[in-house]
Amino acid sequence: MRVLGVDPGLTRCGVGVVEGVAGRPLTMVGVGVVRTPADAELGHRLVAIERGIEEWLDEHRPEFVAVERVFSQHNVRTVMGTAQASAVAMLCAARRGIPVALHTPSEVKAAVTGSGRADKAQVGAMVTRLLRLAEPPKPADAADALALAICHIWRAPAQNRLQQAVAQHASALKGRTR
């Protein structure tokens with residue numbers, strides 16, 4: 001399974017591609033950051049993020065895109081920018097028919113470090129260890145994108161089984177009402 005992880009942000013949008021399956025060693029395929037100038041007009045920044053993500057999709061051909069789920073923050077401007085960048089990533093994937101999964105920050109931290117309250121340094125250290133890298137990816141947004149991809153690879157099998165069970169249950173209930 002090849003997953004593009006996206007840590008959305010207007011100034012720095014982390015992107016990372018990981019390949020592998022749950023229970024086996026994972027491989028980093030690529031990591032980087034799509035950057036936009038803080039003083040640029042919002043529309044231009046969103047177009048730059050779209051172009052950057054499209055380049056990653058073209059180059060790495062992921063089967064899934066994992067995006068950090070936007071969560072409530074105290075700074076409304078920050079959460080709005082994060083949500084806008086997140087929407088661009090989801091749109092780029094949807095346009096190509098690539099399934100998108102959203103993962104909360106605490107879900108990603110728990111999957112990668114064992115603690116949903118891990119700090120950025122702990123996430124970076126575990127990503128480095130899990131992917132057998134010489135040093136943590138910089139900036140932290142890049143490491144977070146890899147962590148998102150790792151989280152999705154590890155959680156996708158269980159999520160798929162759960163979705164199939166829900167669908168079968170709904171189908172069985174529908175059959176009873178006829």
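Given the structure is predicted, the values throughout are model-derived calculations rather than measurements.

### Quick notes on the side chain of Glu54
Part 1: Looking at the secondary structure, you find Glu54 in helix α1 (residues 42-60).
Part 2: On the basis of relative accessibility, which here comes to 15%, the residue Glu54 falls in the buried class.
Part 3: In this view, Glu54 contacts Cys92, Arg95 and Arg96; residues no more than four positions away in its chain are not counted.

### Quick notes on the environment of Glu135
Part 1: Tracing the chain through its elements places Glu135 in the loop between α4 (120-130) and α5 (140-176).
Part 2: The class for Glu135 is exposed, based on a relative accessible area of 58%.
Part 3: Considering only alpha carbons, one finds Glu135 and Ala125, ten residues apart in sequence, at a separation of 8.2 Å.

### Here we look at the side chain of Thr128
Part 1: Along the chain, Thr128 turns up in helix α4.
Part 2: Overall, the relative accessible area of 11% leaves Thr128 in the buried class.
Part 3: A polar contact is formed between the side chain of Thr128 and the backbone oxygen of Gly124, at a distance of 2.7 Å.
Part 4: Excluding residues within four positions of it along the chain, Thr128 makes contact with Leu133, Ala134, Glu135, Pro136 and Pro137.

### Focus on the environment of Arg24
Part 1: Along the chain, the position of Arg24 falls in the loop between β2 (12-19) and β3 (27-35).
Part 2: For Arg24 and Trp154, which are 130 residues apart along the polypeptide, the C-alpha to C-alpha distance reads 9.7 Å.

Cut-off values and rules
Residues numbered from 1 in each chain as written. Predicted model: local features only at pLDDT ≥ 70, side-chain atom pairs only at ≥ 80, totals over all residues. Heavy atoms only, no water. Helix = DSSP H or I, 4+ residues; strand = E, 2+ residues; numbered from the N terminus. Buried < 20%, exposed > 50% of the residue type's maximum accessible area, 1.4 Å probe, protein only. Contact = heavy atoms within 4.5 Å. Polar contact = N/O pair within 3.5 Å; in protein donor to acceptor, adjacent residues only side chain to side chain.

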